[in-house]
Amino acid sequence: MIGADKIPVCSSMTKIEQLLGSFTFIMSEKSDAVEQVAQDVKDIKLENGTAAGATNGTASKSEDNAIPFKDAFKLFSKFGDPKSDGKLITLSQSDKWMKQAKVIDGKKITTTDTAIHFKKLKSLKVGVDDYQKFLDDLAKSKKVELEDIKRKLTTCGQPGITTHLPKSPAAAAAVDRLTDTSKYTGSHKQRFDETGKGKGIAGRKELVDSSGYVTGYQHKDTYDKAH
């Protein structure tokens, strides 16, 4: 027979379990409600085109860091010229902008192409309106989309970001050939050891050996000093 003193304990445990079950159910319902509200808000933003990086209700990751074209023009027209007011841009500044944006890739569009079309404006510096005419002329000539060029120009970041165009296979082969120490001759060959490591000053000057051994002696420092 169960003692009377144990009945309240069992009853209390049952109530606690019931309370915990109710609490878990309430929190689950609340979490589902919050997620549903968040999703509804996100859907509304996408429909209105107000979500971050959204254009016409469609999210666009490529334009998340884009800035207005005129703002980008002003930044790069001041690049390297502290006296510039940002209203006019030179060919040199334009080329730096295009290289950073990878519009100039050395293949489809080169600095020769930009120079030819920029000179058609017959001015060393041009404003934003004439510059857009230059871009339009360049795009038509090279058969690329004008909007694609502008997208690259407005998403390349602040002026001064270093960009490196990939080297051609021919250029890479030339560098490898010119830096192969095994093919060096004459005095240049004496400046490197068999592994290609430089000898330092020993490879540039003939140092005097004051050790007391004759030149070419093979057993230097092998004599047992105990004798």
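What counts as what
Residues numbered from 1 in each chain as written. Predicted model: local features only at pLDDT ≥ 70, side-chain atom pairs only at ≥ 80, totals over all residues. Heavy atoms only, no water. Patch = residues over 30% accessible without salt bridge, like charges linked within 9 Å, V, L, I, M, F, W, Y side chains within 5 Å. Areas by Shrake-Rupley, 256 points an atom, 1.4 Å probe, with all protein chains shown as cover. Salt bridge = Lys/Arg side-chain N within 4 Å of Asp/Glu carboxyl O. Helix = DSSP H or I, 4+ residues; strand = E, 2+ residues; numbered from the N terminus. Buried < 20%, exposed > 50% of the residue type's maximum accessible area, 1.4 Å probe, protein only. Core = buried A, V, L, I, M, F, W, Y, C linked by side-chain atoms within 4.5 Å. Contact = heavy atoms within 4.5 Å. Phe/Tyr/Trp six-rings, centres within 6.5 Å; stacked < 30°, edge-to-face > 60°. Axes fitted to C-alpha atoms, helices over the stretch in contact; angles between N-to-C directions. Parallel < 35°, antiparallel > 145°, perpendicular 65-115°, else oblique. Nonpolar A, V, L, I, M, F, W, Y, C, P; charged D, E, K, R; others polar.

Trainee: Is there a simple way to think about a nonpolar patch on the surface in this case?
Mentor: There is a patch of nonpolar side chains on the surface, built from Y213, V214 and Y217 and spanning about 290 Å² of accessible area. Within the secondary structure layout, Y217 lies in the segment after helix 8 (186-189). With relative accessibility at 40%, the residue Y217 sits in the partly exposed group.

Trainee: Please explain the nonpolar core as it appears in this structure.
Mentor: Soluble globular proteins tend to bury their nonpolar side chains together. In terms of nonpolar packing, the biggest core is built from 22 residues, with W97, M98, Y131, L135 and L153 touching the most fellow members. The dominant element in this core, judged by the number of residues it contributes, is helix 5 (residues 128-142), at 6 residues. With sequence-adjacent residues up to four places away left out, W97 is seen in contact with F69, A72, F73, F76, I89, Y131, L153 and C156.

Trainee: I would appreciate a short explanation of helix 3 (residues 91-100) in the present structure.
Mentor: What sets the pattern is the α-helix's 3.6 residues per turn: residues three or four places apart point alike. When helix 3 is considered as a whole, its buried residues turn out to be Q93, S94, D95, W97, M98 and Q100. Considering only its buried residues, helix 3 is in contact with helix 2 (69-77), strand 3 (89-90), helix 4 (111-118), helix 5 and helix 6 (146-154). Backbone geometry just after helix 3 places K102 at a positive phi near 65 degrees.

Trainee: Whenever I open this one, unusual backbone geometry confuses me. Can you help?
Mentor: For residues besides glycine, phi is generally negative; the peptide bonds are generally trans as well. Backbone geometry at K102 places phi at a positive 65 degrees, although glycine is not the residue there. Positive phi values are uncommon outside glycine, yet K122 reaches one of about 55 degrees. Assignment of secondary structure puts K122 in the loop between helix 4 and strand 4 (125-126).

Trainee: Explanation requested: the packing of aromatic side chains in the structure shown.
Mentor: Each aromatic ring pair is summarised here by two numbers: the centre-to-centre distance and the angle between the ring planes. This model, assessed by the stated rule, comprises 8 aromatic pairs. Arranged with centres 6.4 Å apart and planes meeting at 75 degrees, the rings of F76 and F79 form a pair that is edge-to-face. Judged by relative accessible area, F76 falls into the buried class, the value being 1%. Overall, the relative accessible area of 29% leaves F79 in the partly exposed class. Their ring planes at 75 degrees and their centres at 5.4 Å tell us that F118 and F134 sit as a pair that is edge-to-face. Linking F118 in helix 4 with F134 in helix 5, this pair joins segments that are 16 residues apart in sequence. Joined through ring pairs, the aromatic side chains of F69, F73, F76, F79, W97, F118, Y131 and F134 make up one cluster.

Trainee: Whenever I open this one, the packing of helix 2 against helix 5 confuses me. Can you help?
Mentor: Two packed helices can be described by the angle between their axes and the distance between those axes. Contact pair helix 2 / helix 5: the axes reach a minimum separation of 11 Å and the direction vectors enclose 100 degrees. By the criterion of interaxial angle, the relationship of helix 2 to helix 5 is roughly perpendicular. Of the residues in helix 5, those in contact with F69, K70 and F73 of helix 2 are V128, Y131, Q132 and L135. Split into classes, the residues belonging to the contact of helix 2 with helix 5 amount to 5 nonpolar, 1 polar and 1 charged.

Trainee: What am I meant to see in the environment of L121 here?
Mentor: Residue position: L121 is located in the loop between helix 4 and strand 4. The partly exposed category is assigned to L121, whose relative accessible area is 25%. Taking C-alpha positions, L121 is 8.7 Å from Y131, a pair spaced 10 residues apart along the chain. Excluding anything up to four places from it in sequence, L121 contacts V126, D130 and F134.

The values reported here are purely geometric and, on their own, carry no functional implication.
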